[in-house]
Amino acid sequence: MITRQRLAAGVCALLAALAAGIAVPADAVADETTAQDAPKVDLVLDVSGSMRARDIDGGSRMAAAKQAFNEVLDATPEEVQLGIRTLGANYPGNDRRTGCKDTAQLYPVGPLNRTEAKTAVATLQPTGWTPIGPALLKAAGDLDGGNGSKRIVLISDGEDTCAPLDPCEVAREIAAKGIGLTIDTLGLVPNAKLNQQLSCIAEATGGTYTSVQHKEQLSDKVNQLVDRTADRTVTPVAVDGTGQCATAPSLKSGLYTDREEFGQHRFYRVDVKPGQELRASVSVSDDRQVDPDYGVTLRALTVHGREIVRGEATGSGRTDVLSTGLRYPKAESDDENAPAETVCLQVANSFSPAAGVKTTPGLPLELTVDVVDGPGTASDVAAFGLGRGWWLLGALVLTGFLAGLLWGWLSRWRIAVWRTN
């Protein structure tokens, strides 16, 4: 019995060792990071007359915002450069033209002096209009420059009062600049029109919208957004694709952002050397209402227009982002001086705008390009659909064979002992 147990334990150990060997990945990819500037965040606060309303935990909306700002200023990470911009804080009159210019930088974006920032916040009194669009344009200018993450946090209790400058269109224009800026919005009133406007602003830049009705909830959410700004991010590089491959921009490995009109084709060029593999993916955001039944296609073409490989995705309802990708390995060459192949990447979409929806600027797209060394070992090449599964299949066959031999030997030994006894 003891011998049998030892043999069984040996077989289990063999299986475990084989499994551990298989589980180790063939290649490890190092985490490559690049130096980034300090993250920046601009808190944009609505100080219009409606902020006097006393419907947040028994106090005014303005008092709740001040308390939240004080708590956020205490908790802001040291590496974050923070600023505060107001809208509707200075002009109490009825002249719409003047009221729609009422936005000011209360505390400049930069290294934070908590005492000075709190002192500035304490002076705020609900005053005038709600020029959200102009305030967003100015806030984008406050965050201009640098390659670190940038975020606007807009807090408002009412819709923009300065139409026809639609704040949603302003947000799309900001996103179209490709400066990697995200706008998050918080609404202090559960109002359907306000919710729709603030949601549209956030969606246009990949941000979030939150409806808050309590002081603690407001503080927690703003703190969360400021902390998120400090997280390390990869900022896409703005690039302008063209309508044909011959004039398309040449891209290297990286993350890129562009705008594509409804139903438009955009071309980009990538050089792939022999022995390398091109991996590309694209995501297109439908940041406004679109008709159902649409798709996104990413194609790799030769410079003569012959399709090499494609990836495509389709949708039939409200989908914020549609993504697809492709892989193209370039075979190795015996000629050390063999030239690289120019691969044309074509991004196309079949989105169509719903009735009354503006078509400009185009839909935001994000393109990832990665040119890496091609697969050089059998373990990284799919074979008959099994890929690396061949290793597992071979290990299982070998293990079964060895286990059968051991079990046969053990059985014969037990029979011989039984006959002798």
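Placed above this text is the structure.
Residues numbered from 1 in each chain as written. Predicted model: local features only at pLDDT ≥ 70, side-chain atom pairs only at ≥ 80, totals over all residues. Heavy atoms only, no water.

Our next topic: the overall build of the protein chain. Helix and strand content of the protein chain: 9 helices and 16 strands. In the protein chain, buried positions account for 42% of the 421 residues. Across the protein chain, every contact between residues at least 6 apart in sequence was considered, and the portion connecting residues at least 24 apart equals 75%. About 21900 Å² of surface is accessible on the protein chain, with carbon and sulfur atoms providing 53% of the total. (Helix = DSSP H or I, 4+ residues; strand = E, 2+ residues; numbered from the N terminus. Buried < 20%, exposed > 50% of the residue type's maximum accessible area, 1.4 Å probe, protein only. Contact = heavy atoms within 4.5 Å. Areas by Shrake-Rupley, 256 points an atom, 1.4 Å probe, with all protein chains shown as cover.)

As a further point, take the packing of helix α5 (residues 132-142) against helix α6 (residues 167-176). When two helices pack together, their arrangement is given by the angle between the helix axes and the distance between those axes. Interaxial distance between α5 and α6 falls to 8 Å at its minimum, and their mutual angle equals 20°. Judged by the angle between their axes, α5 and α6 are roughly parallel. As for how α5 packs across α6, the hand of that crossing is right-handed. Contacts between α5 and α6 involve Ile-132, Gly-133, Leu-136, Leu-137 and Ala-140 from the first element and Pro-167, Val-170 and Ile-174 from the second. When its residues are assigned to classes, the contact of α5 with α6 shows 7 nonpolar, 1 polar and no charged. (Axes fitted to C-alpha atoms, helices over the stretch in contact; angles between N-to-C directions. Parallel < 35°, antiparallel > 145°, perpendicular 65-115°, else oblique. Left-handed = near helix turned anticlockwise from the far one by under 90°. Nonpolar A, V, L, I, M, F, W, Y, C, P; charged D, E, K, R; others polar.)

With that settled, the discussion passes to the sheet that holds strand β9 (residues 254-260). Ordered by their spatial adjacency, 5 strands build an open sheet running β7-β9-β16-β11-β14, and the pairing between neighbours is mixed. Two strands in the sheet have a free side with no partner beyond their single neighbour: β7 (237-238) and β14 (321-329). Note that strand β11 (residues 276-285) and strand β16 (residues 363-373) share 9 bridges and pair antiparallel. Bridge pairing links Arg-279 to Asp-370 in β16. (Pairing = 2+ DSSP bridges.)

This paragraph deals with the environment of Thr-115. Of note, Thr-115 is situated in helix α4 (residues 114-122). For Thr-115 and Asp-74, which are 41 residues apart along the polypeptide, the C-alpha to C-alpha distance reads 9.4 Å.

Our focus in this paragraph is the pairing of strand β2 (residues 81-87). Within β2, 6 of the 7 residues are buried, which leaves the element mostly enclosed by the surrounding structure. Viewed along the sheet, the connection from strand β1 (residues 40-46) through helix α2 (residues 61-75) into β2 turns out right-handed. (Right-handed = clockwise from strand over helix to strand, strands pointing away.)

Counted according to the given criterion, the structure contains 14 salt bridges. Taking the shortest distance from any N to any O, the salt bridge between Arg-61 and Asp-55 comes out at 2.7 Å. For Arg-61, a relative accessible area of 10% gives the class buried. Here Asp-55 falls in the partly exposed class, since its relative accessible area comes to 43%. Here Arg-310 makes a salt bridge to Glu-312, at a shortest N to O gap of 3.2 Å. (Salt bridge = Lys/Arg side-chain N within 4 Å of Asp/Glu carboxyl O.)

Membership of the largest hydrophobic core comes to 30 residues, with the highest contact counts inside it found for Leu-43, Leu-45, Ile-155, Leu-186, Leu-218, Val-222 and Val-226. Listing elements by their share of this core, those giving two or more residues are β1, α2, β2, α4, β4 (150-156) and α8 (215-230). When residues in this core are grouped by element, the largest group, 7 residues, is from α2. Look past the residues within four positions of Val-226 in its chain and what remains in contact with it is Val-41, Leu-43, Val-72, Thr-76, Pro-77, Val-80 and Leu-82. (Core = buried A, V, L, I, M, F, W, Y, C linked by side-chain atoms within 4.5 Å.)

This part takes up the pairing of strand β13 (residues 307-315). Summarising the sheet, strand β12 (residues 294-301) and β13 pair through 8 bridges and their orientation is antiparallel. Within β13, the position partnered with Val-296 by the bridge is Ala-313. Where β12 hands over to β13, the hairpin turn is made up of 5 residues, of which Gly-305 adopts a positive phi near 95°.

Glancing now at the environment of Gly-99. Here Gly-99 lies in helix α3 (residues 96-99). Note on Gly-99: relative accessible area 0%, which makes it buried. Along the primary structure Gly-99 and Thr-130 are separated by 31 residues, whereas in three dimensions their C-alpha atoms are 8.0 Å apart. In this structure Gly-99 touches Tyr-91, Trp-129 and Pro-131, once residues within four positions along its chain are discounted.

Considering the arrangement of structural elements, one finds Val-303 in the loop between β12 and β13. The partly exposed category is assigned to Val-303, whose relative accessible area is 47%. Separated by 39 residues in the primary sequence, Val-303 and Thr-342 place their C-alpha atoms 6.8 Å from one another. With residues near it in sequence (within four places) discarded, Val-303 still touches Thr-342 and Cys-344.

Another point: the sheet that holds β2. What the 6 strands build is an open sheet, ordered β3-β2-β1-β4-β5-β6; its pairing is mixed. Of all the strands in the sheet, just β3 (103-110) and β6 (209-211) have a single pairing partner and so form its edges. With strand direction ignored, the average angle separating the axes of adjacent strands in the sheet is 15°. Pairing of β2 with β3 involves 5 bridges; the strand directions are antiparallel. What sits directly across from Leu-87, in β3, is Thr-103. Against the sheet, α2 engages β1, β2 and β4, with an angle of about 165° to β1. Of the strands in this sheet, β1, β2, β4, β5 (181-187) and β6 are in contact with α8, which crosses β4 at around 165°.

The next thing to look at is the state of the cysteines. Counting across every chain of the model gives 3 disulfides. Covalent S-S linkage joins Cys-100 and Cys-162, the inter-sulfur distance amounting to 2.0 Å. Judged by the torsion about the S-S bond (-100°), the Cys-100/Cys-162 disulfide is left-handed. One end of the pair, Cys-100, is in the loop between α3 and β3; the other, Cys-162, is in the loop between β4 and α6, with 62 residues separating them in the sequence. One disulfide bridge connects Cys-245 with Cys-344, the sulfur atoms lying 1.8 Å from each other. Residues Cys-245 and Cys-344 are joined by a disulfide whose S-S torsion is about -70°; by sign, that bridge is left-handed. Of this pair, Cys-245 sits in the loop between β7 and β8 (250-251) while Cys-344 is found in strand β15 (residues 341-349), placing the two residues 99 residues apart along the sequence. Of the residues examined, Cys-245 reaches a relative accessible area of 11% and is grouped as buried. (Disulfide = S-S within 2.5 Å.)

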